[in-house]
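Descriptive analysis of the structure
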Amino acid sequence: MNYGFYQSATGLMTQVHRLRVASNNLANSETRGFKADAVMTSQRLPARLEGNMAADPQWLLEQLGGGQLADPTRFVMAQGSLSPTDGELDLAIDGEAFFMVGDGTGDASSIRLTRDGRFTRDPDGELAMLGTGMKVLDGRERTISVPMGSITIGPDGLVTHAGEELGRIGLVTVPNTNALHKIGDSLIVPTPDAGKMTVDGGSTLWQGYLESSTVKPVLEMAGIVEIGRAVEANAKLLQAQDLLTGQAINTFGKVT
Amino acid sequence: MAFTCLDASATGLSALTTNLNVIANNLANANTDGFKASRVNFQDLLYLEQRQPGLENILGDLNPTGLYAGVGTRVSGTQLNLREGPLVSTDQPLDVAISGSGFFVVEVEDTYTNGLAYTRAGNFALNAEREIVLANDQGRRLIPSIEVPWGIPEYAVNITNDGNVQISYGEIFEEIGQLELAIFANPAGLTPIGGNLYTESIASGEVAIGLPTENGRGTIIQNFLEASNVDPVTELVDLINTQRAFEFNSQALKAADEVLQIVANLRRYG
């Protein structure tokens, strides 16, 4: 079968994937603490290498590669701008760290990371995420109780109420942020490949601020324009190959 | 359909419409006494896993994370901004403002928790029974109920900073009641029911009603009203942002549509 046909098809599919990610980024341009996803693409290996098949290599075709492949989606750990909100329990991180949230039972597998600092007091009187209700943890994975009244949170995460120290919000980093995995609701799963979480001293907390989404609409729009053209080009090539195949059939396959 | 970009942009458009609604409501209430602005909280939706074949190649390299693409955004909720509004002098003896985090308690229908609602709008008046009620069309009675005796004019009512209601009219001087205020673990989780009123919800936690001086409920200030805490500048900036984000999303939607069209026309006829 026409090899190039599938080359163009992989190009088309990869572009559609890029568009999907760009649409999601733009849809989340107002989501606090959102980190934009980036699509990297690479040349796909020929099927023989990919499938580890022992078939006779066709050197001519193999040099062409196997089309295009989207690499695992990564998100860009850029710093979002901090905007003031007046909210006492609105926190923004300036730095590389994440908040640690969990169900408060000490179960390590329930721990998630987030950059979304919209916190509230949950009905148990503990500091929790507004959207998911997951409890905010300190560096030792314990919950933090916050009484009614005014709460002060220092740049180092120290939570105080009327001069009394209530706990310190845990800010953690992982060695390999590329292995972090988003699961929606502003939550990020620290996969085993991300490495051990360590308390981060280099980040500062801002009380009364929230981190804006890092989506850059200009870049996304430019990307969408590029995607549109790439789709067109790939589609044109598909059609050209279809045309060629058709002509070949009609020319050489003529009866009488 | 596997083509999720259309839906992702659509979720963006609908969430931004909600944001627009909330901003419009905030701006409409820029002059409502005791009004608290709301804000919309956005959250990203689930991510679609697509494990394309070939992530493990001949070298045995396994990529730890799969290929994923998000499916858009959603509004996770609206949240009250409880910043205190500016206090405005009105010279009305039954206008009271709270400097602190407390709420006035008024009586509402039993369908609401405890039959009580809470408000920051302290524009009170007297009803036909000479009870202190909220000065709006529903005339909600203040709890605990305070009656001003017949023949005593409103200007003779004096409310102290700790919420003691007294009358001093000629020879008469007596205490006729004590204002109590409500506080909540999470006041931002209160449910607005209109008419400047809020009711308890699961998110707000249980109400704690008590004397104004206790637990930072607040200081009572007579002859003042708390103005709306809507900041028009912030709202307008948000409005511009929302409108632009809306445009970007509609452009992404259009691009997805065009790509679909190209794909649909791939097949050659004849």
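Throughout this description, residue numbers start from 1 for each chain and increase along the sequence as written. Chains and ligands are labelled sequentially in the order written, the chains with letters from A and the ligands with numbers from 1. Since the coordinates come from a predicted model, pLDDT governs what is reported: local features require at least 70, and pairs of side-chain atoms require 80 or more to be given and counted, while whole-chain, interface and lining totals use all residues.

**Here we look at the overall build of chain B**
By the criteria applied, helices consist of DSSP H or I runs no shorter than four residues and strands consist of E runs no shorter than two, each listed in order from the N terminus. Helix and strand content of chain B: two helices and 19 strands. Two things to know: the radius of gyration comes from C-alpha atoms, and the globule rule equals 2.2 Å times the number of residues to the power 0.38. Computed over C-alpha atoms, the radius of gyration of chain B comes to 27 Å, more than 25% over the 18 Å expected from 2.2 N^0.38 for 270 residues, which places it beyond the range of a compact globule. Counting only C-alpha atoms, chain B reaches 105 × 40 × 30 Å along its principal axes. Once C-beta atoms are placed from the backbone, each residue is buried if 20 or more other C-beta atoms lie within 10 Å of its own, exposed if 12 or fewer, and partly exposed for counts between those two. Counting all 270 residues of chain B, 40% fall into the buried class. Here the analysis covers contacts within chain B between residues at least 6 apart in sequence; of these, 67% occur between residues at least 24 apart. We call two residues in contact whenever the C-beta atoms placed from their backbones are within 7 Å.

**Quick look at the packing of helix H1 (residues 5–28) of chain B against helix H2 (residues 232–264) of chain B**
All names here are of chain B. Two elements in contact, H1 and H2, have axes separated by 9 Å at closest approach and are oriented at 160°. Between H1 and H2, the crossing angle belongs to the class labelled roughly antiparallel. Relative to H2, H1 is oriented so that their crossing is left-handed. Counted together, Cys 5, Leu 6, Ser 9, Ala 10, Gly 12, Leu 13, Leu 16, Asn 19, Leu 20, Ile 23, Asn 26 and Leu 27 of H1 and Pro 232, Glu 235, Asp 238, Leu 239, Thr 242, Ala 245, Phe 246, Asn 249, Ser 250, Ala 252, Leu 253 and Ala 256 of H2 form the full contact between these two elements. Gly is put with the polar residues, along with every residue not named as nonpolar or charged; the nonpolar set is Ala, Val, Leu, Ile, Met, Phe, Trp, Tyr, Cys and Pro, and the charged set is Asp, Glu, Lys and Arg. Among the residues making up the contact of H1 with H2, the classes are represented as 15 nonpolar, seven polar and two charged. Every axis corresponds to a line fitted to the C-alpha atoms, with the helix fit spanning only the stretch in contact, and the corresponding angles, defined between N-to-C directions, vary from 0 to 180 degrees. For classification purposes, an angle smaller than 35 degrees is called roughly parallel, one larger than 145 roughly antiparallel, one from 65 to 115 roughly perpendicular, and anything else oblique. The sense of a crossing depends on the near helix, which, turned anticlockwise from the far helix by less than a right angle, makes the crossing left-handed and, turned clockwise, makes it right-handed.

**A look at the interface of chain B and chain A**
Counting residues at the interface gives 57 residues for chain B, matched by 59 residues for chain A. For the side of chain B that touches chain A, the secondary structure elements donating two or more residues are H1, strand E1 (38–44), strand E3 (67–70), strand E4 (73–80) and H2 of chain B. Element by element, the count of residues in the side of chain B that touches chain A is highest for H2(B), at 11 residues. Looking at the side of chain B that touches chain A residue by residue, the class counts come to 26 nonpolar, 27 polar and four charged.

**Quick word on the packing of helix H1 (residues 3–27) of chain A against helix H4 (residues 217–252) of chain A**
Residue and element names in this part refer to chain A. Relative to each other, H1 and H4 sit at 160°, their axes nearing to 9 Å. The angle between H1 and H4 falls in the class roughly antiparallel. In this structure, H1 crosses over H4, and the sense of that crossing is left-handed. On H4, the residues touching Gly 4, Phe 5, Ser 8, Ala 9, Gly 11, Leu 12, Gln 15, Arg 18, Leu 19, Ala 22, Asn 25 and Leu 26 of H1 are Pro 217, Glu 220, Gly 223, Ile 224, Ile 227, Ala 230, Val 231, Asn 234, Ala 235, Leu 237, Leu 238 and Gln 241. Among the residues making up the contact of H1 with H4, the classes are represented as 14 nonpolar, eight polar and two charged.

**Digging into the sheet that holds strand E12 (residues 152–153) of chain A**
Residue and element names in this part refer to chain A. When DSSP locates at least two bridges between a pair of strands, those strands are taken to pair. Here three strands make up an open sheet; going across it, the order is E12-E13-E14 and the pairing antiparallel. The open sheet has two edge strands, E12 and strand E14 (164–168), and neither has a second partner. Alignment of E12 against strand E13 (residues 158–161), held across two bridges, turns out to be antiparallel. The partner of Ile 153 across the bridge, within E13, is Val 159.

**Details of the sheet that holds strand E13 (residues 172–178) of chain B**
Residue and element names in this part refer to chain B. Strands sit in the order E11-E12-E13 across an open sheet of three strands; the sheet is antiparallel. A strand with exactly one partner marks an edge of an open sheet, and here the two such strands are strand E11 (157–159) and E13. Direction aside, the axes of adjacent strands within the sheet are offset by 25° on average. Pairing geometry for E11 and strand E12 (residues 164–169), over three bridges, is antiparallel. Across the sheet, residue Ile 159 finds its bridge partner in E12, namely Val 165.

**Thoughts on the environment of Asp156(A)**
Along the chain, Asp156(A) turns up in the loop between E12 and E13. A C-alpha to C-alpha distance of 21 Å links Asp156(A) and Pro175(A), two positions 19 residues apart in sequence.

**Things to note about the pairing of strand E15 (residues 191–194) of chain B**
Along any regular strand, the residues point their side chains to alternate faces of the sheet. Strand direction decides the pairing type here: E15(B) and strand E16 (residues 197–199) of chain B, joined by three bridges, are antiparallel. By the bridge assignment for E16(B), Pro192(B) is matched with Tyr198(B).

**Describing H2(B)**
Here H2(B) contains 33 residues, and its C-alpha end-to-end distance of 47 Å stays within 8% of the 48 Å for a straight helix at 1.5 Å per residue. Turning to H2(B), its buried residues number three or more, namely Asp238(B), Thr242(B), Ala245(B), Phe248(B), Asn249(B), Ala252(B), Leu253(B), Ala255(B), Ala256(B) and Val259(B). Check the buried side of H2(B) and you find it contacts H1 and H4 of chain A together with H1 of chain B. In this analysis, the expected span of each helix is defined as 1.5 Å times one less than the number of residues it contains.

**Topic: H1(B)**
Under the 1.5 Å per step criterion, the end-to-end length of H1(B) is 34 Å for 24 residues, consistent within 8% with the ideal 34 Å. Every buried residue of H1(B) is listed here: Cys5(B), Ala8(B), Ser9(B), Thr11(B), Gly12(B), Ala15(B), Leu16(B), Asn19(B), Val22(B), Ile23(B) and Asn26(B). Along its buried surface, H1(B) packs onto H1 of chain A together with E1, E3, E4 and H2 of chain B.

**Quick look at unusual backbone geometry**
A cis amide bond, omega -5°, links Ile143(B) with the succeeding residue Pro144(B). Considering the arrangement of structural elements, one finds Pro144(B) in the loop between strand E10 (132–134) and E11. Positive phi values are uncommon outside glycine, yet Ala162(A) reaches one of about 50°. With respect to the helices and strands, Ala162(A) occurs in the loop between E13 and E14. Overall, the presence of 10 C-beta atoms within 10 Å leaves Ala162(A) in the exposed class. If you check the backbone angles, Arg130(B) has positive phi at about 65° while not being a glycine. Positionally, Arg130(B) belongs in the loop between strand E9 (124–126) and E10.

Scope: geometric values only; no functional claims are made or implied.
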